[in-house]
Amino acid sequence: MDNIQAPEVILYGIKNCDTIKKARKWLDEAGVDYRFHDHRADGLDPAALDGWLTKLGWEALLNTRGTTFRALPEEEKQGLDNDKARALLLAHPAMIKRPLLDRDGELTLGFKADNYQSLFSR
């Protein structure tokens, strides 16, 4: 008889982010087994970032509305492309939109309770 393995779920972000707190609360209350990866405490794996950029694109991944991005010098915000965004995200992982949920390679950006509900009910 085959063992059915539960999907690996990793939630990426920074622990003091309000949206991360909401997502973690939802996952906890739903009984989802997940691992939390804090970009500040645990670092950012360049290979993982490359995979996210390939799947999601830098435009989706780079949070241009956050305080970290807005505090950058103007010249760093100009002429953004994949390579420039990658360098910014490696230097400032707090600029990655949060939360980033990886469910066995299926990536979901942001948190909405109904989106998580549909994701974990299939």
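Keep in mind that what you see is a predicted model, and the values were worked out from it rather than measured.

Engineer: Even after reading the chapter, I still don't get the layout of surface pockets, so can you show me in this structure?
Structural biologist: Leftover empty space is mapped by rolling, across the atoms, a probe with the size of a water molecule. Quantified by volume, the largest pocket comes out at close to 350 Å³. Lining the largest pocket are 15 residues, with Asn63, Arg65, Gly66, Lys97 and Arg98 sitting closest to its centre. For the lining of the largest pocket, the class distribution of residues is four nonpolar, seven polar and four charged.

Engineer: How do you make sense of the sheet that holds strand 1 (residues 9-13) when you look at a structure like this?
Structural biologist: In a beta sheet, neighbouring strands pair by backbone hydrogen bonds and run either parallel or antiparallel. Strand order in the open sheet formed by four strands is 2-1-3-4, and the pairing between neighbours is mixed. Edge positions in the sheet fall to strand 2 (35-38) and strand 4 (106-109), since each has one partner strand and no second. Going from strand to strand, the sheet's axes swing by 20 degrees on average, the running direction of each strand aside. The pairing of strand 1 with strand 2 spans four bridges and is parallel. Each bridged residue has a counterpart across the sheet, and for Ile10 the counterpart in strand 2 is Arg35. Against the sheet, helix 1 (residues 18-29) contacts strand 1, strand 2 and strand 3 (100-103), and its axis sits at roughly 160 degrees relative to strand 1. Of the strands in this sheet, strand 1, strand 3 and strand 4 are in contact with helix 3 (residues 46-56), which crosses strand 4 at around 80 degrees.

Criteria and thresholds
- Residues numbered from 1 in each chain as written.
- Predicted model: local features only at pLDDT ≥ 70, side-chain atom pairs only at ≥ 80, totals over all residues.
- Heavy atoms only, no water.
- 1 Å grid on protein atoms, 1.4 Å probe; cavity = no way out; pocket = protein on both sides within 12 Å on 5 of 7 lines; lining within 4 Å.
- Points joined across faces, edges and corners; volume = space filled by probe spheres on them.
- Nonpolar A, V, L, I, M, F, W, Y, C, P; charged D, E, K, R; others polar.
- Pairing = 2+ DSSP bridges.
- Helix = DSSP H or I, 4+ residues; strand = E, 2+ residues; numbered from the N terminus.
- Axes fitted to C-alpha atoms, helices over the stretch in contact; angles between N-to-C directions.
- Contact = heavy atoms within 4.5 Å.

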